Each structure stands twice: as structure tokens, then as C-alpha cells.
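Coordinates in review
Residues per chain, in single letters:
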Amino acid sequence: MERVYLDNAATTVVRPEVVEAMQIAFTKAFGNCSSMYEEGEYAKSLLENARATVASVLNADPKEIYFTSCGSESDNWALKGAALKYGNKKKKIIVSSIEHHAILHTCDSLAKQGFEIVKLRVDENGIVDMEQLKNELDDNTLIVSVMLANNEIGTIEPVKEIAALCREKKILCHTDAVQAVGSIPVDVKDLGVDMLSLSGHKLNAPKGIGAFYLRKGVVISNFMDGGGQERGKRAGTENLPYILGLAKAMELASAEMDNNIKKITSMRDELISAIEKEIPYCRLNGHRTQRLPGNVNFSFNFIEGESMLLLLNDKGFACSTGSACASGSLDPSHVLLAIGLPHEIAHGSVRISIGKFNTREEVMSIVPALKEIVQRLRDMSPIYEDFIKGREMQQGTCARCNDDDNCNIK
Ligand code: PLP
């Protein structure tokens, strides 16, 4: 059976051009970037070219880019680096309630060290409450961290406005752009943030490589102590193969961005319309337009997301019930609860995330599969049966097909 991979928000395939760009660091450029002889200097020159590429895609200066091991490390560095540097003077950390666990669990650990964590409310589309933010910003505020795009529901946050407010009050501003970089244009100067996190494996580079943008003039504590790599701020011998892969992936994503946004957004919108037309009692989660091009997230009443996922897998489809990092837990997603979904509806959610290598045929082929699975699961659900009976008694019409003359269910 042909597999259809529709979980590109969890991770992406490494593209061949990226694998090719990495090869040189396994063979010719194997030297240590810190070594002061030809092999080292050659490796170092590739490292600095990669840094310049990453910087240029983000409209940053190469001196503002630090390579890390992943998006989680960059997120940890932003919050813990700020806390370690200024925590004796300022104690309040403001984040959104729908951040990734890389931010939320970092906040939990900082809370244990005496920091006050404020989690901003979001509206039913997942947009952060700007009034609450304005009211919370004060002299005790150390840092604000709001993600550029949410990993579960795809909502794009007003980070530019948030950064402007922070700048006015001289408060540090970080954004987790792990889901955004590679999918939508990200310009650090235009956003006006002090720090930004990104991760390679969300944009067709390998897992285990990330980057951190730290605006010139902004000082936070080092994350990893040791050798003098990354201008002394993030020790550890540089992972040159993966750094070259990240730079290549970012270069390609940037060159292809306009086309990909058009192509992927049109598949997304066609899929959303088809699901809404074909499957009753469902709800699109996240903002309808202010969302990542490839993100589709639906809740289907009366069923469990986990069961849908397993049956979709049997039919050849890979998708997710929420964040990949949250799977394995039976709690409903904190993001879906934050946008106001009741527990039972949050449990019946599926995230379909379209990537640049998906075709329209692949994407649309999930609709009949989903329709059949949803109906099969609903047919086994006593809650659905009660609901249908109730509707029929109320309306005198079949709620499943809305067609009294030809109904064979009633
Ligand atoms: N932030 C967001 C929004 C993410 O979606 C993820 C990964 O799912 C991360 C951070 C963590 O990135 P990494 O897997 O590179 O540690």
C-alpha cells in the first residue's frame, strides 16, 4: 500500500539536495572548525558560509546566529539565559497558554526557582489576548515569549505587535518560530524580536540541528559552557554536517517560498472545504486565514482522535492528534483546551499537516478515508446514537442524511 505522509508539522523528509550538501562535511571537510590548520580552516569557512546563509534568510547579521542542537534547546536558552542574567532584578515571564512544551516546561522549571509565570489567554481561534499582555507588562517583566505559529492549530500570532510593545517598555522579546521558518517569510528585523528559535527537521533538514537568533546588543547568559565555539556562547564542537544541511534547507525553502505558499495554501483550503462538506458535526480548529499554509486541524464530535489515527494508519495515512511531542499522553491537548474546546471534543481531533512534497491527489485522498472512519466510529458510539435519536425526535428528520424521502437509516 502506498503511504501518504501528512504529518509535516511533526517532522519532514530530508530532501536530497540537503543530504548532498551534508556529504562534504563527512568526507572532505571533516576537520574541527577550531583547528588552526588547513583542514580546520576549510571546515570553518563552510561553517561561516552556512551561518551567512541562515542569517540572510532571516534578514539577520551572521554574528546574530548561533547553531544549537534543536528548537527545544533554542527555546530553553532564550528563557533560561534571560533568567540567569537578569533574574535577580526581574521575576515575571509572560508566555502564551498555547506554547510548545519546550517553552511551557521550561517555565515550569523556572517557576520552581521563584519566577512568576503568566500564561496569556487566547481567543477561540488561538490568537493571544493583547489586552491581557498590555496589562501584564510592568517593571518586573523579564521576558515575553509568544510563538510565531502554533504547531497544533497553525494559528499565526501577532508577534510584530507584541515585540513593538516590549521594545517600548525595554522588555526582552522571544519568539518560537520553529513551525514558521521554512513555511512563511520570517524577517527578524521586521518582527522586531530580540530572540528567535528555529529547528531544522521542520523544514526538510535533519533532526538534531537548530538555530538561535540573538539580536546584536542583547545580552543573556550562555547556555552551554565549555570551549569557545559559537563566540563563546554555546560550547560544543560544531555539528558541521547538520549545519550545512540546515543552511541548504533554509536557502531552498526561501527560494521556493512564494510558490510553495500558493500551492500548499490552495490544497489546505480545498481539504478544509471538502471535510466541512462531507463530514457532519466537525469543527475547524485554529484561525481560518491567519494560519500556516499546511495546517488543517479538525475536531469530530463523538469520537476519539487516537482511534481515528490508528484507522487512518491502517489505510496508509500518517497524521497526528496534536503535537507529536504530546502523543503518548492521554490528556487532551492544552492548545485545544485553551481555545475553549470541551474535553470530549478536544479528544476527537486530528491534525493533517501538508508539506511541500505532497500532491493534491494525495491530500484529497484522505477525505473519503476520513469520512468512512468517522462514520464507522460514530456507528459504534452510544453517545452518537443518543444524539441522533434526540435530533430525529426533535426534527422529525434524519439528522444523518437530512433527506426524509430517500433515507434508509430512519
Ligand atoms: N517549538 C515548536 C512550536 C515545535 O513545534 C517544536 C517541535 O515540535 C519545538 C519547539 C521543538 O523543536 P525540536 O523538535 O527541534 O526540539
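Residues numbered from 1 in each chain as written. Predicted model: local features only at pLDDT ≥ 70, side-chain atom pairs only at ≥ 80, totals over all residues. Heavy atoms only, no water.

1. Here's the deal with the pairing of strand 12 (residues 349–353)
For strand 12, the tally of buried residues reaches five of five residues, placing the bulk of the element in the interior. With burial as the criterion, each face of strand 12 is covered, one bearing Ser 349, Arg 351 and Ser 353 and the other bearing Val 350 and Ile 352. (Buried < 20%, exposed > 50% of the residue type's maximum accessible area, 1.4 Å probe, protein only. Helix = DSSP H or I, 4+ residues; strand = E, 2+ residues; numbered from the N terminus.)

2. What about the domain arrangement of the protein?
Domain assignment breaks the protein into domain 1 (4–8 + 256–395) and domain 2 (16–253). Inter-centroid distance (C-alpha atoms) of domain 1 to domain 2 is 30 Å. At the junction of the two partners, domain 1 supplies 26 residues and domain 2 supplies 29 residues. At the boundary of domain 1 with domain 2, total buried surface from both sides reaches about 2400 Å², with 55% on carbon and sulfur atoms. On inspection of domain 1 and its partner domain 2, the count reaches zero salt bridges. At the boundary of domain 1 and domain 2, one finds 14 residue pairs in polar contact (both at pLDDT 80 or more). Residue assignment for the side of domain 1 that touches domain 2 shows that the elements contributing at least two residues are helix 9 (257–278), strand 10 (295–300) and helix 11 (334–338). The element best represented in the side of domain 1 that touches domain 2 is helix 11, accounting for four residues. For the side of domain 1 that touches domain 2, a count of residues per class yields eleven nonpolar, ten polar and five charged. (Domains from an automatic or database assignment. Contact = heavy atoms within 4.5 Å. Buried area = accessible area lost by both parts, 1.4 Å probe. Salt bridge = Lys/Arg side-chain N within 4 Å of Asp/Glu carboxyl O. Polar contact = N/O pair within 3.5 Å; in protein donor to acceptor, adjacent residues only side chain to side chain. Nonpolar A, V, L, I, M, F, W, Y, C, P; charged D, E, K, R; others polar.)

3. A few points about the pattern of salt bridges
According to the stated counting rule, one finds 24 salt bridges in the structure shown. Between Arg 215 and Asp 194 there is a salt bridge, with the nearest N and O atoms lying 2.8 Å from each other. Taken together, the positions of Arg 215 in the loop between strand 8 (210–214) and helix 8 (240–255) and Asp 194 in the loop between helix 7 (188–191) and strand 7 (195–199) put the pair 21 residues apart, joining distant regions of the chain. Between Asp 269 and Arg 268 there is a salt bridge, with the nearest N and O atoms lying 2.9 Å from each other.

4. Regarding the state of the cysteines
Applying the stated rule across the entire model yields zero disulfides. Looking at the unpaired Cys 33, the closest cysteine sulfur is the one in Cys 70, lying at 19 Å. (Disulfide = S-S within 2.5 Å.)

5. Overview of the packing of aromatic side chains
The final tally for this structure, using the stated rule, is eight aromatic pairs. On the numbers, 4.8 Å between centres and 40° between planes, the contact of Phe 302 with Phe 387 is tilted. In this pair, Phe 302 sits in the loop between strand 10 and helix 10 (305–314) while Phe 387 sits in helix 15 (residues 382–395), placing the two residues 85 residues apart along the sequence. For Phe 302, a relative accessible area of 22% corresponds to the partly exposed category. Judged by relative accessible area, Phe 387 falls into the partly exposed class, the value being 25%. Considering the side-chain rings of Tyr 384 and Phe 387, the 6.5 Å spacing of their centres and the 25° angle between planes classify their relative orientation as stacked. (Phe/Tyr/Trp six-rings, centres within 6.5 Å; stacked < 30°, edge-to-face > 60°.)

6. Brief notes about helix 1 (residues 16–26)
For helix 1, the full list of buried residues reads Val 18, Met 22 and Ala 25. Axial view of helix 1: buried residues confined to an arc of 35°, hence all on one face. For helix 1, the exposed residues set more than 90 degrees away from the buried face come down to Pro 16 and Glu 20. Where the residues of helix 1 are buried, they touch helix 8. (Arc of directions from axis to C-beta.)

7. Focus on unusual backbone geometry
The phi dihedral of Asn 59 is positive, around 60°, even though this residue is not glycine. Residue Asn 59 is classed as partly exposed on the basis of its relative accessible area of 33%. One non-glycine residue, Phe 302, lies in the positive phi region at around 75°.

8. A short note on the packing of helix 1 against helix 8
Put simply, helix 1 and helix 8 touch, their axes get as near as 8 Å, and they point 150° apart. Here helix 8 runs roughly antiparallel to helix 1, going by the angle between their axes. Helix-helix and strand crossings are classified by hand; for helix 1 and helix 8 the assignment is right-handed. Counting all contacts with helix 1, which are made through Glu 17, Val 18, Ala 21, Met 22, Ile 24, Ala 25 and Phe 26, the residues of helix 8 involved are Leu 240, Pro 241, Tyr 242, Leu 244, Gly 245, Lys 248, Ala 249 and Leu 252. Partitioned by chemical class, the residues of the contact of helix 1 with helix 8 number twelve nonpolar, one polar and two charged. (Axes fitted to C-alpha atoms, helices over the stretch in contact; angles between N-to-C directions. Parallel < 35°, antiparallel > 145°, perpendicular 65-115°, else oblique. Left-handed = near helix turned anticlockwise from the far one by under 90°.)

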